[in-house]
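Chain by chain, the residues:
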Amino acid sequence: MTALFKHDKPDNRNVLDHTAQGIIGQPLTRPEGILKVTGNATYAAEYAFDECLEGVLVTAPFAKGQVNSIDEKSVSSMPGVIKVITDKRLTARAAQGTANEAPKQNVCEVHYWGQPIALVVAETFEQARDAAKHLKFDYTEDTDAIFDPEAADSETEDGATQQGDLAHAMKQADASVDLHYSTEGHASAAMEPHASIAQWDGDTLTVHASLQMLNYNITELADAMGLKEGKVRLLSPFVGGGFGSKLGVSQDVVAASVAAMELGRPVRVVMSRQQVFQTIMRRSETTQRLRLAADADGKLTGFGHEALVSNLPNEEFAEPVTQSSEFLYGGENRVLQIEVARINRMTAGSVRAPGEAVGMPALEAAMDELAEKAGIDPVELRLRNIPEVHPSEGTPFSSRKLAECLKEGAAKFGWDSGPRTPRMQREGEWWIGTGVASAARVHNVGEAKARVTLQADGTALVQTDMTDIGTGTYAILGQIAGEMLGMSRDDVLVELGDTKHPRGPGSGGSWGAASSGSAVFVACEAIAEEIASLLGAAKDDLTLKDGIASWGGQTRPVTEILDGKAITKIGHYEPGDTEDDYAASSYGAFFAEVAVNQWTGETRVRRMTGAFGIGRVLNEKTARSQCLGGMVWCIGSALTESLLFDPVDGHLVNCDLAEYHVPVHRDVPDMDVILVEERDGAASPIQAKGVGELGMCGGAGAIANAIYNACGARLHDFPMTPDRVL
Ligand code: MOS
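Being a predicted model, the structure only gives us computed values, none of them experimental.

Quick word on the overall build of the protein chain
- Helix and strand counts for the protein chain stand at 17 helices and 29 strands.
- For the protein chain, the C-alpha radius of gyration of 27 Å lies close to 27 Å, the compact-globule estimate for 726 residues.
- Projecting the C-alpha coordinates of the protein chain onto the three principal axes gives extents of approximately 80 × 70 × 50 Å.
- Burial analysis of the protein chain (726 residues in total) assigns 57% to the buried set.
- A sequence separation of at least 24 residues applies to 82% of the contacts in the protein chain between residues at least 6 apart.

What to know about the domain arrangement of the protein chain
- Splitting the protein chain by domain gives domain 1 (2–30 + 445–580), domain 2 (44–61 + 64–144 + 188–279) and domain 3 (156–186 + 282–443 + 584–725).
- For domain 1 and domain 2, the distance between their C-alpha centroids amounts to 38 Å.
- Of the residues lining the interface, 16 residues belong to domain 1; the matching set on domain 2 comes to 16 residues.
- For the side of domain 1 that touches domain 2, the class distribution of residues is three nonpolar, eight polar and five charged.

A closer look at the sheet that holds strand β19 (residues 430–442)
- Within the open sheet, the five strands sit side by side as β18-β19-β27-β28-β29. Their pairing is mixed. Where the open sheet ends on each side, the last strands, each with one partner, are β18 (426–427) and β29 (671–675).
- The sheet contact formed by β18 and β19 spans two bridges and is antiparallel. If you follow R426 over to β19, its bridge partner there is W431.
- Sitting on the sheet, helix α16 (residues 699–711) touches β19, β27 (585–597) and β28 (603–613), and the angle it makes with β19 is about 155 degrees.

Quick look at helix α6 (residues 251–263)
- Between its first and last C-alpha atoms α6 spans 18 Å; for 13 residues at 1.5 Å apiece the expected length is 18 Å, and the two agree.
- With ten of its 13 residues buried, α6 lies for the most part within the structure.
- Listed in full, the buried residues belonging to α6 are Q251, D252, V253, V254, A255, A256, S257, V258, A259 and A260.
- Immediately beyond the C-terminal end of α6, within one or two residues, lies G264, with a positive phi of roughly 70 degrees.

What about the pairing of strand β15 (residues 286–294)?
- The buried fraction of β15 is high, at eight of nine residues.
- The pairing of strand β10 (residues 175–183) with β15 spans nine bridges and is classified as antiparallel. What sits directly across from S182, in β15, is T287.
- Examined bridge by bridge, β15 and strand β16 (residues 300–311) share eight bridges and lie antiparallel to one another. Bridge pairing in β16 places A294 opposite L300.
- Between β15 and β16, which pair antiparallel and follow one another directly, the connecting turn spans five residues, one of which, G298, has a positive phi of 85 degrees.

As for the sheet that holds strand β20 (residues 448–454)
- Spatially, the five strands line up as an open sheet ordered β1-β26-β20-β21-β22, and their pairing is mixed. The open sheet has two edge strands, β1 (2–7) and β22 (492–495), and neither has a second partner. Between one strand axis and the next, the sheet turns through 20 degrees on average, direction left out of account.
- With four bridges connecting them, β20 and strand β21 (residues 460–463) associate as antiparallel partners. Among the inter-strand pairings, L454 is bridged to a residue of β21, identified as A460.
- Across the sheet, helix α11 (residues 473–485) lies against β20, β21 and β22, angled at about 140 degrees from β22, the strand it touches most.
- Taken strand by strand, helix α12 (residues 512–535) contacts β1, β20, β21 and β26 (567–575), and its axis lies near 135 degrees from that of β26.

Details of helix α15 (residues 620–639)
- For α15, with 20 residues, the first-to-last C-alpha span of 29 Å sits near the 28 Å given by 1.5 Å per residue.
- Judged by how many residues are buried, α15 sits mostly within the fold: 15 of 20 residues are covered.

Regarding the environment of D672
- Relative to the helices and strands, D672 resides in strand β29.
- Between the C-alpha atoms of D672 and A366, which are 306 residues apart in sequence, the distance is 25 Å.
- Setting aside its immediate chain neighbours within four residues, D672 contacts K412 and T609.

Section: unusual backbone geometry
- That bond from F718 to P719 is cis: its omega, -5 degrees, falls within 30 degrees of zero.
- Positive phi, close to 55 degrees, is recorded for A353, a residue that is not glycine.
- Judged by the 31 C-beta atoms lying within 10 Å of it, A353 falls in the buried class.

Quick look at the environment of P149
- Tracing the sequence through the fold places P149 in the loop between β7 (136–141) and β8 (154–156).
- Residues P149 and V309, spaced 160 residues apart in sequence, show a C-alpha to C-alpha distance of 7.4 Å.

Comments concerning the nonpolar core
- In terms of nonpolar packing, the biggest core is built from 224 residues, with V120, A481, V520, A523 and I703 touching the most fellow members.
- Broken down by element, this core gets its largest block of residues, twelve residues, from α12.
- Setting aside anything within four residues of it in sequence, one finds A523 in contact with A3, A450, R451, V452, K569, I570 and G571.

Some details on the packing of helix α8 (residues 356–374) against α16
- With their axes 7 Å apart at the nearest point, α8 and α16 run at an angle of 35 degrees to one another. As for the relative orientation of α8 and α16, their crossing is right-handed in sense. Between α8 and α16, the contacting residues are M360, P361, E364, A365 and D368 on the first element and A700, G701, A702, A704, N705 and Y708 on the second.
- When its residues are assigned to classes, the contact of α8 with α16 shows seven nonpolar, two polar and two charged.

Structural notes on the packing of α15 against α16
- The interhelical angle for the contact between α15 and α16, taken along N-to-C directions, is 55 degrees, at an axis separation of 8 Å. It follows that α15 is oblique to α16 by the angle criterion. When the axes of α15 and α16 are compared, the crossing they make is right-handed. For the pair α15 and α16, contact is made by M631, C634, I635, S637, A638 and L639 and by G699, A700, I703 and A704, respectively.
- Taken together, the residues that form the contact of α15 with α16 break down as eight nonpolar, two polar and no charged.

What to know about the environment of V321
- With respect to the helices and strands, V321 occurs in the loop between β16 and β17 (333–342).
- Taking the C-alpha atoms as reference points, V321 and L477, separated by 156 residues in sequence, lie 32 Å from one another.
- Apart from residues no more than four positions distant in its own chain, V321 is found in contact with T286, Q288, A307, V309, I338, G355, V358 and G359.

A few points about the confidence of the model for the protein chain
- With 96% of its residues at a pLDDT of 70 or more, the protein chain shows a mean pLDDT of 95.
- Scored below 50 in pLDDT, residues 93–105 shows 36 contacts in the model against residues more than four places distant or in partner chains.
- Per the prediction output, this complex has pTM 0.96; the corresponding ipTM is 0.96.

What counts as what
- Residues numbered from 1 in each chain as written.
- Predicted model: local features only at pLDDT ≥ 70, side-chain atom pairs only at ≥ 80, totals over all residues.
- Helix = DSSP H or I, 4+ residues; strand = E, 2+ residues; numbered from the N terminus.
- Rg over C-alpha atoms; globule rule 2.2 N^0.38 Å.
- Buried ≥ 20, exposed ≤ 12 C-beta atoms within 10 Å, placed from the backbone.
- Contact = placed C-beta atoms within 7 Å.
- Domains from an automatic or database assignment.
- Nonpolar A, V, L, I, M, F, W, Y, C, P; charged D, E, K, R; others polar.
- Pairing = 2+ DSSP bridges.
- Axes fitted to C-alpha atoms, helices over the stretch in contact; angles between N-to-C directions.
- Expected span 1.5 Å × (residues − 1).
- Core = buried A, V, L, I, M, F, W, Y, C linked by C-beta atoms within 7 Å.
- Left-handed = near helix turned anticlockwise from the far one by under 90°.
- Parallel < 35°, antiparallel > 145°, perpendicular 65-115°, else oblique.
- pLDDT = per-residue confidence, 0-100.

Written out as structure tokens, the structure reads:
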């Protein structure tokens, strides 16, 4: 019943075209869209359970030290209070993978301000919240907390690149730049806060939660609870945004589970917006040094990108700032390195496009300064530096439409490739300028399974634990099955976000569509094969279209072939050797026009064009929306988004959406997205690459370059707030 497809060599057959439905790629509206906009899609906190208790987390009001004791009696006589849960599992600090420490009796170590230390459970939410505010506890605060990455101990990440002699290349260069940049921490700022409802029936733990990667989350939760995976079920059919913040089981999931198992009643834990900001992982701030050396033609001879990032002590994740610098441009003398400073801020982890989101804007701003020094148009400079093969590994690229994106984007935007001098264009008190940047985001895939059932009535059912975090998974998986099985997308029912279904890597790292889509494809191929064998036809000769099977000049309705029976197959897609044989990445280019106010330094993005090569487009509308969303993130990270920490006690100061400024409608102009035609048979069996995060990989650099072109302010610190622009 399970069909395995191991992807060991590029597959450039037009794998999905032999069915000729023309459904793949169509800009079909999401099937669940109406449910969402009418409030009928049920999110994690919204399930109604009888006897459900409410839990509110209590968090540490200091950044480093220990909680010695918690005085449950201080709240136990308050109205509705059931229990104060002080289980040490609640205090696990990791949000990306579990890093539970062995519990010590009555002592809870605190590593960052806002770390959960207890859960107050009451009959109603208001009672729990009130009691949580009054809970007394005794703690010892250490005086040696460190908040400044520059002052902290740091270590070098493994995997640094040292190739040739960069210092020498810098000396010999006809044009070179040696620049320092900084970026501030970012929050995922998903609309739906982290929330869970846990139920324990004495045997199985069932948790409705808001999570991106159930297949990993079930292992993490089972580990934390000391249960076998088979005794845990996770459900996340709808997720109100993740952006990395829901990659791992968050503290609400563990807290609700501990409480439900202890109290024998369902327990709901919803984080407040402030708790989401203070407790859930952040994107590290960075400081970066870019060294670029070029010959007289603007060809790079040296490429240096070094970064300092931070995390808590003992956390493994380091913002992979240089990820696309490894391969985007050439230059035989290379230094790429990341240092991690150990500081007492909440866990640093993956926030949308980890690495590229902050590494590429700095690189692309440095390329703009190099273009100016070399006297070469910045689009042309980039075109001249696209390498033949991976500059340090020598592997070929699986596909790459960088040049096409730069050229098509420039044409659509109306890029003026003449001499670029700042302060050439004015409208009233506004300076107008334009800028360009490349986009790149490594392509990832993961092993995935999906069950597809061709029902006796000719409709289909797709089931997997894959999530839809607002990305369009329901839409595209239905399209792939519809295409393969010869039916309209509306005849395919897609069930997601439940660990009882076959599992895959979930939504993260922009791998969801290519991975789970390939699993659905493999299952459908197996179904088509079975139909072919029922007909005694060769599979490649069989076409399924509009409910009719055609082969060897004959036709027959599929329902007739099924004869009252359903066919169910599990597709099992496994990335194979192609992963190592090719450097796979999605590429693109951004063009931005800004207006900078001469008196206030306010920057408004007036228009933006993005051109992207993402392999096969599975749904033109949802792919475009992903790109648009990424470009909105570019505006935020270029101009406003910044986590601000108190230098004295280390608490996060701007912990809500009023103070942490994501772009609003008024900040976002009309934006053009061009999807460049591309198929990549090495990237995935369905020839698709990642798209979700690409749209924010570099675009903040285009905005920075446009600010310079507008008003002559060469800034090196993101976000470029008015005080910095002036
Ligand atoms: Mo993404 S930051 O891997 O959800």
